[in-house]
Amino acid sequence: MEQPWREYSDADHATWRTLFATQAKILQGRACDEFIAGLHGLDMAEHGIPRFDALSDLLEAATGWRIVAVPGLVPDDVFFGLMANRRFPVSWWIRKADQMDYLQEPDVFHDVYGHVPLLMNPVFADYMQAYGEGGLRSGKFNALTKLARLYWYTVEFGLIDTAQGLRIYGSGILSSKGESIYSLESPAPNRVRFDLRRVMSTRYRIDTFQKTYFVIDSFRNLFDATAADFEPVYRELEHVEDIGAGLLLPNDRVMQRGTGAGWTEAGDTG
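Residues numbered from 1 in each chain as written. Predicted model: local features only at pLDDT ≥ 70, side-chain atom pairs only at ≥ 80, totals over all residues. Heavy atoms only, no water.

A. Molecular detail of helix α3 (residues 52-63). An ideal rise of 1.5 Å per residue puts 16 Å on 12 residues; α3 measures up with 16 Å between its terminal C-alpha atoms. Inspection of α3 places Phe52, Leu55, Ser56, Leu59 and Thr63 among the buried residues, and these make up the whole buried set. Down the axis of α3, the sector holding all buried residues measures 100 degrees, keeping them to one side. Along its buried surface, α3 packs onto β1 (66-70), β2 (87-91), α5 (108-115) and α6 (122-138). (Helix = DSSP H or I, 4+ residues; strand = E, 2+ residues; numbered from the N terminus. Expected span 1.5 Å × (residues − 1). Buried < 20%, exposed > 50% of the residue type's maximum accessible area, 1.4 Å probe, protein only. Arc of directions from axis to C-beta. Contact = heavy atoms within 4.5 Å.)

So this is what it looks like as C-alpha cells:
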C-alpha cells in the first residue's frame with residue numbers, strides 16, 4: 001500500500017518527535033555505531049514521521065533495500081518474500097500518547113527508527129535478505145518457531161560486543177526507552193554469547209522485558225553463523241526440548257560487567 005501521508009495528524013507527528021528526542025538522548029553510548037551511522041545516512045530527523053519514498057531512495061542507493069508500507073503484521077510467506085527481495089515491511093500507523101514505551105504490535109516508530117537504519121549497513125542488509133530466503137525454505141521443515149526465535153533474539157533484541165562494551169542493535173530495544181536502559185544496566189537479565197542452536201531452542205517473552213539477551217561479536221560473524229542452509233540444524237533440534245526464556249545452561253558463555261564499562265565472560269580472568 002502507499003503510505004497514507006495525509007492521514008497523519010499533528011498529534012501523530014508530535015508523538016514521533018517525543019519518541020525520537022527521548023531515544024536520541026538515551027541511546028548515546030548505548031546504541032551500536034552502525035545504527036547511529038544509519039540514522040545519519042538516512043537524514044532521519046526529529047521533526048516528524050518521515051516519508052517512506054525518501055527513505056527508500058537513500059536505502060536503495062546504499063544497499064538495494066526499499067521500504068514497503070503495510071497496515072500491520074503480514075502473513076509469514078509475504079514477510080519472507082519481501083525480505084528475500086530486499087523489501088522491508090513497515091507499519092504506517094503510530095502509537096497513541098498513552099503507549100509511548102510498549103506495544104505488542106510494531107508501529108512506524110518501531111519499524112522505521114528501530115529497524116531501517118541498520119539496513120544501511122551492507123553486512124546487516126545481507127543478513128536480513130538471507131533471513132528472508134531462509135524463511136521461504138523453512139515451511140517444509142515445520143521450523144517457523146525456531147526461525148522466529150532467531151529473528152527475535154537478533155533483529156529485535158540483539159546486543160553486540162564492541163571495543164567500547166556491549167551495545168544495542170535490536171530494534172525492539174532501540175525503540176524502547178525502558179528496555180534501552182534495562183538491557184545494558186539491569187543485573188536481572190542473562191547476557192549470553194550467541195550460539196545458533198541455543199537461540200533457536202530458547203523461548204521468549206512478549207509481555208515484559210527480555211529475560212535473556214544474546215550477544216554477537218560482529219555483524220559479519222552473525223551473517224556467517226546463519227548464512228548456511230538451516231535444514232541440518234532443524235533436524236538436530238527436532239527432538240531437543242525448548243529452553244525457558246530465563247534459564248541458563250552449564251555451557252552458556254555468560255557476559256558480566258567488569259570494571260568501568262567493560263564486559264567479560266563469567267570466569268574469564270584475562
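The structure having been displayed, the exposition proceeds.
B. Structural context of the environment of Met1. Of note, Met1 is situated in the segment before α1 (10-26). With 91 residues separating them along the chain, Met1 and Trp92 place their C-alpha atoms 9.5 Å apart. Setting aside chain neighbours within four positions, we find Met1 in contact with Ala69, Val70, Pro71 and Trp92.

C. Layout of the packing of aromatic side chains. What the rule picks out here adds up to 23 aromatic pairs. Aromatic pair Phe20 and Tyr113: ring centres 5.3 Å apart, planes at 75 degrees, arrangement edge-to-face. With Phe20 in helix α1 and Tyr113 in helix α5, this pair connects stretches of sequence that are 93 residues apart. Among the residues examined, Tyr113 registers a relative accessible area of 2% and is labelled buried. (Phe/Tyr/Trp six-rings, centres within 6.5 Å; stacked < 30°, edge-to-face > 60°.)

D. Highlighting unusual backbone geometry. You will see that Arg86, though not glycine, has its phi angle at about 55 degrees, which is positive. If you trace the backbone, Arg86 turns up in the loop between α4 (76-84) and β2. With a phi close to 55 degrees, Asn142 is a non-glycine residue in the positive phi region. In this structure, Asn142 sits in the loop between α6 and α7 (144-156).

E. Region of the structure containing the sheet that holds strand β6 (residues 212-216). Read from one edge of the open sheet, 4 strands run β4-β3-β6-β5, paired in mixed fashion. In this open sheet, the two strands that pair with only one neighbour each are β4 (165-168) and β5 (190-193). Across the sheet, the mean angle separating the axes of adjacent strands is 35 degrees when strand polarity is ignored. Bridge analysis of strand β3 (residues 159-162) against β6 gives 2 bridges, and the strand direction is parallel. Each bridged residue has a counterpart across the sheet, and for Leu159 the counterpart in β6 is Val215. (Pairing = 2+ DSSP bridges. Axes fitted to C-alpha atoms, helices over the stretch in contact; angles between N-to-C directions.)

F. Representation of the environment of Trp93 within the structure. Summarising the element assignment, Trp93 is placed in the loop between β2 and α5. With 53 residues separating them in the primary sequence, Trp93 and His40 have C-alpha atoms 23 Å apart. When near neighbours in sequence (up to four residues on either side) are disregarded, Trp93 contacts Pro71, Gly72, Leu103, Glu105, Pro106, Asp107 and Val108. Engagement of the side chain of Trp93 in a polar contact is seen with the backbone oxygen of Pro71, the distance being 3.4 Å. (Polar contact = N/O pair within 3.5 Å; in protein donor to acceptor, adjacent residues only side chain to side chain.)

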